Amino acid sequence: MKKVGVFLSRMQPIHNAHLWMIENALKENDKVLVMIGSADKFGTERNPMPIDMRKQMVESAITEYFKNRNYLDSIKIITLSDWSSEENNDDKEWGRLIYYNVVGNMGVKEFSYYSSENPEMIKGWFEEELRERINFRFFSRENEFNGLSATKVREAILNNDDEFIKNNCPIEVFEKKKFIEAAMKFMR
């Protein structure tokens with residue numbers, strides 16, 4: 001039976017910590033499903049970039065990052081719309097949506113879920129029956145990534161901090177920073 005890893009993130013935009021998480025999932029699994037979340041969200045402070053822009057950047061960054069590592073055939077990228085608004089969500093419904101998207105896309109009922117988010121929150125998305133089928137792999141943003149987040153990347157883009165962007169993001173983000181900045185200014 002193939003081992004599957006799952007990484008879900010909004011990637012607003014993708015940064016080096018995302019690539020690190022995907023790489024760790026690849027080292028421990030035969031296949032990895034990368035889920036770009038909040039596909040239906042656009043034009044807000046938390047989700048300024050449209051899904052087509054994010055998906056293109058994620059695909060390009062992953063292709064470039066893993067091109068010499070023989071992992072590309074092991075990665076599947078999909079988009080996932082949110083179940084409800086961020087203010088009013090049914091966590092268990094969200095967990096079922098994630099779970100059944102993994103099952104439908106990867107053909108497995110058991111998998112490892114990689115995250116740097118709050119472990120209690122993530123586990124709370126899934127009913128006990130589903131939690132028993134998921135191997136949760138949590139990493140600390142502070143310990144592993146010096147607190148790197150997409151929020152900090154967006155702030156660096158707005159502040160024209162090219163050094164921060166170059167040091168913490170794939171080249172695709174730096175090359176698209178004007179488009180990202182335009183998306184963020186559009187929402188204001």
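The following paragraphs examine the structure supplied in this document. (Residues numbered from 1 in each chain as written. Predicted model: local features only at pLDDT ≥ 70, side-chain atom pairs only at ≥ 80, totals over all residues. Heavy atoms only, no water.)

A short note on helix 2 (residues 51–66)
An α-helix turns once per 3.6 residues; consequently, residues spaced three or four apart project the same way. Helix length check: helix 2, at 16 residues, gives a terminal C-alpha distance of 22 Å against a target of 22 Å (1.5 Å per residue), a fit within 8%. Burial in helix 2 covers these residues: Met-53, Arg-54, Met-57, Val-58, Ala-61, Ile-62 and Phe-66. End-on view of helix 2: buried residues confined to an arc of 155°, all on one side of the axis. (Helix = DSSP H or I, 4+ residues; strand = E, 2+ residues; numbered from the N terminus. Expected span 1.5 Å × (residues − 1). Buried < 20%, exposed > 50% of the residue type's maximum accessible area, 1.4 Å probe, protein only. Arc of directions from axis to C-beta.)

Describing the packing of aromatic side chains
Applying the stated criterion across every chain, the model contains 13 aromatic pairs. Centroid distance Phe-136 to Phe-138: 5.8 Å. Interplanar angle 5°. Geometry classified as stacked. Judged by relative accessible area, Phe-136 falls into the buried class, the value being 15%. Accessibility expressed as a relative area gives 25% for Phe-138, which makes it partly exposed. Clustering of aromatic rings is evident, with ring pairs tying together Trp-94, Tyr-113, Trp-125, Phe-126, Phe-136 and Phe-138. (Phe/Tyr/Trp six-rings, centres within 6.5 Å; stacked < 30°, edge-to-face > 60°.)

Quick notes on the sheet that holds strand 1 (residues 4–9)
Read across the sheet, 5 strands follow the order 3-2-1-4-5 without closing on themselves; strand pairing throughout is parallel. The open sheet has two free edges, formed respectively by strand 3 (75–79) and strand 5 (134–138), since each of these has just one partner strand. Along the sheet, successive strands turn relative to each other by an average axial angle of 25°, direction set aside. Summarising the sheet, strand 1 and strand 4 (residues 111–115) pair through 3 bridges and their orientation is parallel. (Pairing = 2+ DSSP bridges. Axes fitted to C-alpha atoms, helices over the stretch in contact; angles between N-to-C directions.)

Focus on the pairing of strand 2 (residues 31–36)
Burial analysis of strand 2 places 5 of its 6 residues in the buried class, which makes it a mostly covered element. Where strand 1 lies against strand 2, 6 bridges are found, and the strand directions are parallel. From the neighbouring strand, Gly-5 faces strand 2, where its bridge partner is Val-32. Where the polypeptide runs from strand 1 across helix 1 (residues 16–28) and back to strand 2, its parallel neighbour, the crossover connection is right-handed. Across 5 bridges, the pairing between strand 2 and strand 3 is parallel. Bridge pairing in strand 3 places Ile-36 opposite Thr-79. In the classification by handedness, the crossover that spans strand 2, the intervening helix 2 and the parallel strand 3 is right-handed. (Right-handed = clockwise from strand over helix to strand, strands pointing away.)

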